[in-house]
Amino acid sequence: MRDEALGSLDREHVDRQVRLVGWVHRARDLGSLVFFDLRDRTGRVQVSFDPEWADEETLARARALGAEDVVRVEGTLAARPADAQREVGEFEVRATRLEVVSESEPPPIPVYRTPEEEAPAEERRLRYRYLDLRRPEIQQNFILRHRVGQSVRAFLSERGFLEIETPLLTKRTPEGARDYLVPSRVHPGEFYALPQSPQLYKQLLMVAGMDRYFQIARCLRDEDLRADRQPEFTQVDLEMSFAGTEDVLALFEGMVGQVWREVLDEELATPFPRMTHEEALRRFGTDKPDLRIDLEIVDLTDLLQEADFRVFQGTKGTTDRIRGMRIPGGAALSRREIDQLQEVAREGGALGVLWVKRTEEGFSGPFSRALTEGMDARFQEASGMEPGDLFVAVVGRFRDGQGEGPALEPALDLLRRHLGRAVPDLHRAGHGWLWVTDFPLLEWDPEAERWLASHHPFTMPHPDDRELVSAAAAGNDADVGRIRSLAYDAVYNGHEMASGSVRIHDSALQEEVFRVLGIGEEEAREKFGFLLESFRYGAPPHAGIALGFDRLVMLMAGAPSLRDVIAFPKTTAARALLERAPSEVPDAELDTLGLVRRRSRGDTDPPRH
RNA sequence: GGGGCUGUAGCUCAGUUGGUUAGAGUGCCGGACUGUCACUCCGGAGGUCGCGGGUUCGAGUCCCGUCAGCCCCGCCA
């Protein structure tokens, strides 16, 4: 049908006959002259009709063209004058033939937009997704996505990883996110679950001797959505035998490094910086710090609780802390901007934020009263405050303290990110990759009133904390919260991008961890008996990681939402607007599945659109 | 489950203190136009003001409910 894709046209084709196909992007009808831009995924080229080379019938057909018609043209490729190459590029086709291959009704949402025109409402874009996806800008995202995927595949294949698919119809996940359930027709009343991740299968593949596995795997979780969360998403999932933390981290850095080199043509600095979970919380207030922001938390409790200032003195004899940040250049913030910080701090669970400015005249602001003579010099030394700086502090309970109620790390995290945006020069460009290691093995779930695995129940405890595990398994849970694990996260620009761990491959240790988790023998056998059983027959030590593929592509593409890098995404309410899912099914079908429909009260009609 | 924002022509939006026939740009239809590239110019059609109820002499505008989309909290081992 065609000689070339539009993006393949080059100087070699000038003065030659070409046959091209594509969509009518935008038409300009000048009477005897007609121009339009022909578009396909690879590019755009102007097609021109002039009585000099086109007959009247062809001209008439060109005048009748509408946006998004699919057409085939034949003509001579011509170079265009350099001063006229705006928009449509270097070449034009002087068309002698024009054939409408497939006519388009006026599209409900435009594919071509002027630079100033806002994009159609997202609802419209999703309803007519096949039109939305024709937009060259969004096609770029999918080209990028493809290239990242290919780069990852090649990298892992070259290093001996086998790509192996794992089941979509599987068993319920006992903990964690809500499962999507699929009723079994053959076994009425029983359900498959769609996998939240291939976690158990990839460990079984290690026991199966596959040595190194990867999969660009779909994962499904029935949880509420966000801009960076979809119910079905894709992970680059991998697992390696006879490997520990260092092997996984080095491999991952190599993989991301190759992606950056091949797709973005940039060299990433490796190895990535590392910090422990404890350090990340202490210095940045979060387990996924954005290292591009040049702000760091300091603890000034010992100094400031000696000041003549009631809020500070109130921390004496408690485990409450006074922590804050020096904001270089922050004194330039307006009163209104500083007032806004109260809101930010409250959002993070603090009662408010105390602040002090240092100007050439000295300290000013709410806690300057605490900085009496002597104290001011010590504060300045401890904080490093220069003229023009601002210091913000919150007072209360932090994670490392005792007592009830929310901890204040999130308040400092929010303040840090807010101020990183608000104050000029605190936010560096670049790629802030980093490893966070030694996550706690368990975290307390106040609702369930028990300890839950913070990564998953098969995570290897940190070797230095083995005794704490044994103690906790024996019933002494005083230090349960302090047990660290061999779990690690890769963080990129403040986003959690990948998460993994060294796994337990020893039945005795696994049983101990289950006991700490309050999972009985019976329960463990019922829930993951098949995995535990496999460990009895020679399980290799193994470790792995999973990378959020959509999220990585989103950030690489500079897209504001996962929806811009997933071809057919769901709405915030987990609906598919194009094909209209979920939808009701006839009672007969439910009957086959052994299901009975029960409607909520007052809900008498199927959802409309 | 909770909070916030949005919903007016195919699309993007304006619409004052509640007041006559709800507007603009673009797209669409018709006409003119020999180098456009956001072509230009002339004319025309096009409205369930998301939906339901209420207040009012009168509602796009005020109130209540509801649906949908988006952002956030909870949730996401």
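Residues numbered from 1 in each chain as written. Chains lettered and ligands numbered in written order. Predicted model: local features only at pLDDT ≥ 70, side-chain atom pairs only at ≥ 80, totals over all residues. Heavy atoms only, no water.

Assignment of secondary structure puts Phe91 in strand S5 (residues 91-102). The buried category is assigned to Phe91, whose relative accessible area is 9%. The spacing of Phe91 and Arg44 is 47 residues in sequence and 9.5 Å in space, taken between C-alpha atoms. Residue contacts for Phe91: discarding those within four places in its chain leaves Leu9, Asp10, Arg11, Val14, Val45, Gln46, Leu77, Ala78, Ala79 and Arg80. (Helix = DSSP H or I, 4+ residues; strand = E, 2+ residues; numbered from the N terminus. Buried < 20%, exposed > 50% of the residue type's maximum accessible area, 1.4 Å probe, protein only. Contact = heavy atoms within 4.5 Å.)

Relative to each other, helix H13 (residues 466-473) and helix H14 (residues 507-517) sit at 60°, their axes nearing to 8 Å. It follows from the interaxial angle that H13 and H14 lie oblique. Our pair here, H13 against H14, has a crossing hand that is left-handed. Side by side, H13 and H14 meet where Arg466, Val469, Ser470, Ala472 and Ala473 of the first sit next to Leu509, Glu512, Val513, Arg515 and Val516 of the second. (Axes fitted to C-alpha atoms, helices over the stretch in contact; angles between N-to-C directions. Parallel < 35°, antiparallel > 145°, perpendicular 65-115°, else oblique. Left-handed = near helix turned anticlockwise from the far one by under 90°.)

Scanning the model with the defined rule gives 19 aromatic pairs in all. Measuring from centroid to centroid gives 5.7 Å for Phe363 and Phe379, while their planes differ by 70°, and the two rings are edge-to-face. With Phe363 in strand S15 (residues 362-364) and Phe379 in helix H11 (residues 375-383), the pair connects residues that are 16 residues apart, well separated along the chain. Overall, Phe363 belongs to the partly exposed group, its relative accessible area being 21%. (Phe/Tyr/Trp six-rings, centres within 6.5 Å; stacked < 30°, edge-to-face > 60°.)

To continue, consider the pairing of strand S19 (residues 450-453). Relative to S19, strand S18 (residues 442-445) runs antiparallel, the two being bridged by 4 bridges. Following the sheet pairing, Leu442 is matched in S19 by Ala453. (Pairing = 2+ DSSP bridges.)

The subject of this paragraph is the protein's contact with RNA strand B. The environment of RNA strand B is made up of 53 residues, and the closest members are Arg26, Asp29, Ala121, His455 and Thr572. Atoms of RNA strand B within 4 Å of the protein: sugar and phosphate make up 54%, bases the balance. Between RNA strand B and Ala121, the relevant distance is 2.4 Å, taken from a phosphate oxygen to a main-chain nitrogen or oxygen of the residue. A distance of 3.2 Å separates a sugar or linking oxygen of RNA strand B from a polar atom in the backbone of Gly176. Of all the secondary-structure elements, those providing two or more residues to the surface near RNA strand B are strand S1 (17-29), S5 and helix H2 (122-127). Residues belonging to the surface near RNA strand B are distributed by class as follows: 18 nonpolar, 11 polar and 24 charged. (Near = heavy atom within 4 Å. Polar contact = N/O pair within 3.5 Å; in protein donor to acceptor, adjacent residues only side chain to side chain. Nonpolar A, V, L, I, M, F, W, Y, C, P; charged D, E, K, R; others polar.)

Counting buried positions along strand S4 (residues 70-79) yields 8 of 10 residues, so the element is predominantly enclosed. Bridge count between S1 and S4: 7 bridges; the pairing is antiparallel. Looking across to S4, one finds that Val18 is bridged to Gly75. Pairing geometry for S4 and S5, over 10 bridges, is antiparallel. The partner of Thr76 across the bridge, within S5, is Arg94.

Reading around the circumference, S1-S2-S3-S5-S4 is the order of the 5 strands in this closed barrel, with mixed pairing throughout. Geometrically, the sheet is characterised by an average inter-axis angle of 55° between neighbouring strands, direction not taken into account. Against the sheet, helix H1 (residues 56-63) makes contact with S1, strand S2 (34-40), strand S3 (43-49) and S5, and its axis sits at roughly 75° relative to S5, the strand it touches most.

Right, let's get into empty space enclosed by the protein. By the definition in use, this model includes 1 cavity of 30 Å³ or more. There is about 60 Å³ of room inside the largest cavity. Taken together, Leu126, Arg129, Phe568, Pro569, Ala576, Leu577, Leu578 and Glu579 form the lining of the largest cavity. Its residues assigned to classes, the lining of the largest cavity shows 6 nonpolar, no polar and 2 charged. (1 Å grid on protein atoms, 1.4 Å probe; cavity = no way out; pocket = protein on both sides within 12 Å on 5 of 7 lines; lining within 4 Å. Points joined across faces, edges and corners; volume = space filled by probe spheres on them.)

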